[in-house]
Amino acid sequence: MRQNLQKFKPAATRKNILLLSALLWSAIGAMLIAKGLYRLPQTHSSQLIVVVSALFAGTCKSFVVLDRSARRGISRIEELKDGTCLGAVYSKKTWLLVVCMVCMGVFLRSSSIPQAYLCFIYGTIGWALLFSSRFAWLKWLKN
């Protein structure tokens, strides 16, 4: 039975899994930035403060937290064999974290948090993901 199911496995090379990782980090980061910009305050002075603050906080988050996570993920992908399932782009622990983050996003959107704060949160996380995706892109280009 297991062998029959193997033919449906979305297998890929390590390089393609690395590309998927880079695309996911970039696309999710860009989507969060877009969601943040949609919630941008109407006053120009507030817009500048929120955007600059989010870029600064996102860059810090990238350097302190996500860069290490990105490198760890790349190392894990490099250890995979060609023909591994595309779902191996993330570890089980990371997939659980993704589910928790999606749930947190739903909670934040339905909360009474002011739009400017949501803009800052989305912009910070989005920029951090997009900025840290550089490691996967550079590794993919080298392979």
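To be clear, the structure that these remarks concern was listed above.
All of these numbers come straight from a predicted model, not from anything done at the bench. Each chain has its residues counted from 1, running along the sequence as written. With pLDDT at 70 or above as the cut-off, local features in this predicted model cover only qualifying residues; side-chain atom pairs require 80 or more to be listed or tallied, and sums for whole chains, interfaces and linings still use all residues. Side-chain metrics in this entry use all non-hydrogen atoms of the structure; hydrogen atoms and water are not considered.

A short note on the overall build of the chain
Each helix and strand counted, the chain has six helices and two strands in total. Along the chain, helices and strands appear, N-terminal first, in the series α-β-α-α-β-α-α-α. In terms of overall dimensions, the chain has C-alpha extents of about 60 × 35 × 20 Å along its principal axes. Relative accessibility thresholds used throughout: buried, under 20% of the residue-type maximum; exposed, over 50%; partly exposed, between the two (1.4 Å probe, protein chains only). Evaluated residue by residue, the chain yields a buried proportion of 29% over its 143 residues. By definition, residues are in contact when any of their heavy atoms lie within 4.5 Å. By sequence separation, contacts in the chain at least 24 residues apart represent 88% of the contacts at least 6 residues apart. Where accessible areas are quoted, they stem from the Shrake-Rupley method and a 1.4 Å probe; at the residue level, only the protein chains shown are allowed to cover. Carbon and sulfur atoms make up 69% of the accessible area of the chain, which totals about 9400 Å². The helix count covers DSSP runs of H or I at least four residues long, the strand count covers runs of E at least two residues long, and both are numbered beginning at the N terminus.

Looking at the side chain of Ser21
Take Ser21: it is sitting in helix α2 (residues 14-38). If near-sequence neighbours (up to four positions away) are discounted, Ser21 is found in contact with Ile77, Val89, Tyr90 and Ala136.

Some thoughts on the layout of surface pockets
The rule is simple: put a 1 Å grid over the protein atoms alone, call a set of points where a 1.4 Å probe fits but cannot get out a cavity, call an open set with protein on both sides within 12 Å along at least five of seven lines a pocket, and count a residue as lining if it has an atom within 4 Å of a point. Grid points are joined across faces, edges and corners, and a volume is the space filled by probe spheres set on the points. Of the volumes computed, that of the largest pocket is approximately 1100 Å³. Along its surface, the largest pocket is lined by 39 residues, and Thr94, Leu97, Val98, Met101 and Leu129 are the ones closest to its centre. Of all the elements in the fold, those that place two or more residues in the lining of the largest pocket are α2, α3 (44-78), α4 (92-110) and α5 (115-132). Gly falls in the polar group here, along with every residue not listed as nonpolar (Ala, Val, Leu, Ile, Met, Phe, Trp, Tyr, Cys, Pro) or charged (Asp, Glu, Lys, Arg). Looking at side-chain class alone, the lining of the largest pocket contains 24 nonpolar, eight polar and seven charged residues.

Observations regarding the environment of Leu23
By secondary structure assignment, the location of Leu23 is in helix α2. A relative accessible area of 41% places Leu23 in the partly exposed class.

Considerations on the environment of Ser62
You can see Ser62 is positioned in helix α3. It is 30 Å that separates the C-alpha atoms of Ser62 and Ala11, two residues lying 51 residues apart in sequence.

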